[in-house]
Amino acid sequence: ISVGPERNQVIVTRDIFGKRPLPAVRVQIELIRARLESFADWQAGWIAKGWLIKKVEENVRDEQAPFLVDGEPMFLRGRIDRIDVHRESGQYVVIDYKTGDSAKKPDQTHRKQDEWIDLQLPLYRYLLPALEIENESVALGYVVIPKDVSRTGERLADWTVDDLSSADETAKEVVRSIRRGEFGNMTLPPPAFFDEFAAICQDNVFGMSLPETEGEDEA
């Protein structure tokens, strides 16, 4: 039997939470509904600009994606949320979904004062050949779906060729350290985790912000 999205939502909610879900669950359902509606509006506009979904949740495993360091491969593994292609230009864009509340741009999450602190999106380029996609001139970015639905949309990185080359060199240094068995000292304070796990990892606990005040009296 074919039913509309509203009916589908009711059925899924009932199956998971029962006929009388707690008020907190009902509130969360409405919040999710608002986010998905805003995402649907964005998706319609994205398609109108000529973009088409090419691949979704593609896994690259085993020895499909070599990353050469000093002539020896380090095999990368991962899953890409989504890859789109423009129907006119043929350009590809690698998309990572972000549902946290920050709605940050890729450069804000990947670099700090021009130093690479996250290599996720740059390294996705090396998974693409395993998916029969050339990794040259591929756009990289997020689609953010935050609590503030007015901020829903794409956040594409504006990294240059030199920027990405710098990311590659940083990744190579990491591989070299791993091969030497050098894992460094524990970072204090620890870096922020994904927004989805911030509460579990206590990123927002009052005392966690104190170590960032460098140069001040620790007392």
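Position numbers for residues start from 1 in each chain and track the written sequence from start to end. A pLDDT threshold of at least 70 governs which residues receive local features in this predicted model, and a stricter bar of 80 or more applies before side-chain atom pairs are shown or counted, although totals over entire chains, interfaces and linings include all residues. With hydrogens and water set aside, each side-chain value is computed from the structure's full complement of heavy atoms.

### Some thoughts on the overall build of the protein chain
Test applied: Put simply, DSSP H or I for four residues or longer makes a helix, DSSP E for two residues or longer makes a strand, and each gets a number counted from the N terminus. Remark: exposure states derive from per-residue accessible area (1.4 Å probe, protein chains only) relative to the maximum for the residue type, with buried under 20%, exposed over 50%, and partly exposed in between. With residues, only the protein chains shown are counted as cover, and all accessible areas are computed by Shrake-Rupley using a 1.4 Å probe.
Summing up its helical and strand segments, the protein chain has 5 helices and 9 strands in all. When the helices and strands of the protein chain are listed from N to C terminus, the series reads α-α-β-β-β-β-β-α-β-β-α-β-β-α. For the protein chain, the proportion of its 219 residues judged to be buried stands at 31%. Surface summary for the protein chain: the accessible area is close to 15100 Å², and the carbon and sulfur share equals 52%.

### A few points about the side chain of His110
Formally: Two N or O atoms form a polar contact when they lie within 3.5 Å of each other; inside protein one atom must be a possible hydrogen donor and the other a possible acceptor, and for residues adjacent in sequence the pair counts only when both atoms belong to side chains.
On the secondary structure map, His110 appears in helix 3 (residues 106-110). Within the structure, the side chain of His110 is placed 3.2 Å from the backbone nitrogen of Leu121, a separation counted as a polar contact. Of the polar contacts made by the side chain of His110, one reaches the side chain of Tyr142; its length is 3.4 Å.

### Section: the sheet that holds strand 4 (residues 78-86)
Inclusion rule: Think of it this way: DSSP has to see at least two bridges between two strands before they count as a pair. To define axes, lines are fitted to C-alpha atoms, for helices over the stretch in contact only, and angles between the resulting N-to-C directions are given on a 0 to 180 degree scale.
Across the sheet, which stays open at both edges, the 5 strands sit in the order 1-4-5-8-9 with mixed pairing between neighbours. What marks the edges here is a single partner per strand, and that holds for strand 1 (51-60) and strand 9 (153-156). On average, adjacent strands in this sheet sit at an angle of 35° to one another, irrespective of strand direction. Pairing geometry for strand 1 and strand 4, over 8 bridges, is antiparallel.

### What about a nonpolar patch on the surface?
What counts is decided by this rule: Distance thresholds for patches are 9 Å for like charges and 5 Å for nonpolar side chains (Val, Leu, Ile, Met, Phe, Trp, Tyr), applied to residues having over 30% relative accessible area and no salt bridge. Definition used for salt bridges: Asp or Glu carboxyl oxygen within 4 Å of a side-chain nitrogen of Lys or Arg.
Taken together, Val12, Ile16 and Phe17 make up a surface patch of nonpolar side chains, about 300 Å² in accessible area. Topologically, Ile16 is positioned in helix 1 (residues 5-17).

### A closer look at the pairing of strand 3 (residues 72-75)
Of the strand pairs in this sheet, strand 2 (residues 66-69) and strand 3 are connected by 4 bridges, and their pairing is antiparallel. Pairing of Phe67 across the sheet is with Met74, part of strand 3. Connecting strand 2 to the antiparallel partner strand 3 that follows it, the hairpin turn spans 2 residues, and Asp70 within it adopts a positive phi of roughly 55°.

### Structural notes on the packing of aromatic side chains
The cut-off we apply is this: Pairing of aromatic side chains here covers Phe, Tyr and the six-membered ring of Trp, requires ring centres within 6.5 Å, and sorts the geometry by plane angle: under 30 degrees stacked, over 60 edge-to-face, intermediate tilted.
Under the defined criterion, the tally for this structure stands at 6 aromatic pairs. Considering the side-chain rings of Phe39 and Trp42, the 5.8 Å spacing of their centres and the 25° angle between planes classify their relative orientation as stacked. Taken together, the residues span about one helical turn, with Phe39 and Trp42 both in helix 2 (residues 23-48) at a distance of 3 residues. Residue class for Phe39 comes out buried when judged on its relative accessible area of 17%. Judged by relative accessible area, which is 11%, Trp42 ranks as buried. Aromatic pair Phe67 and Tyr126: ring centres 4.9 Å apart, planes at 75°, arrangement edge-to-face.

### So, the pattern of salt bridges
Scanning the entire structure with this criterion turns up 14 salt bridges. Lys49 is the salt-bridge partner of Glu154, the closest N and O atoms lying 3.8 Å from each other. Taken together, the residues Glu154 in strand 9 and Lys49 in the loop between helix 2 and strand 1 connect sequence positions 105 residues apart. For Glu154, a relative accessible area of 26% corresponds to the partly exposed category. Residue Lys49 is classed as exposed on the basis of its relative accessible area, which comes to 52%. Three or more residues are tied together by salt bridges with common partners; here these are Arg35, Asp101 and Lys147.

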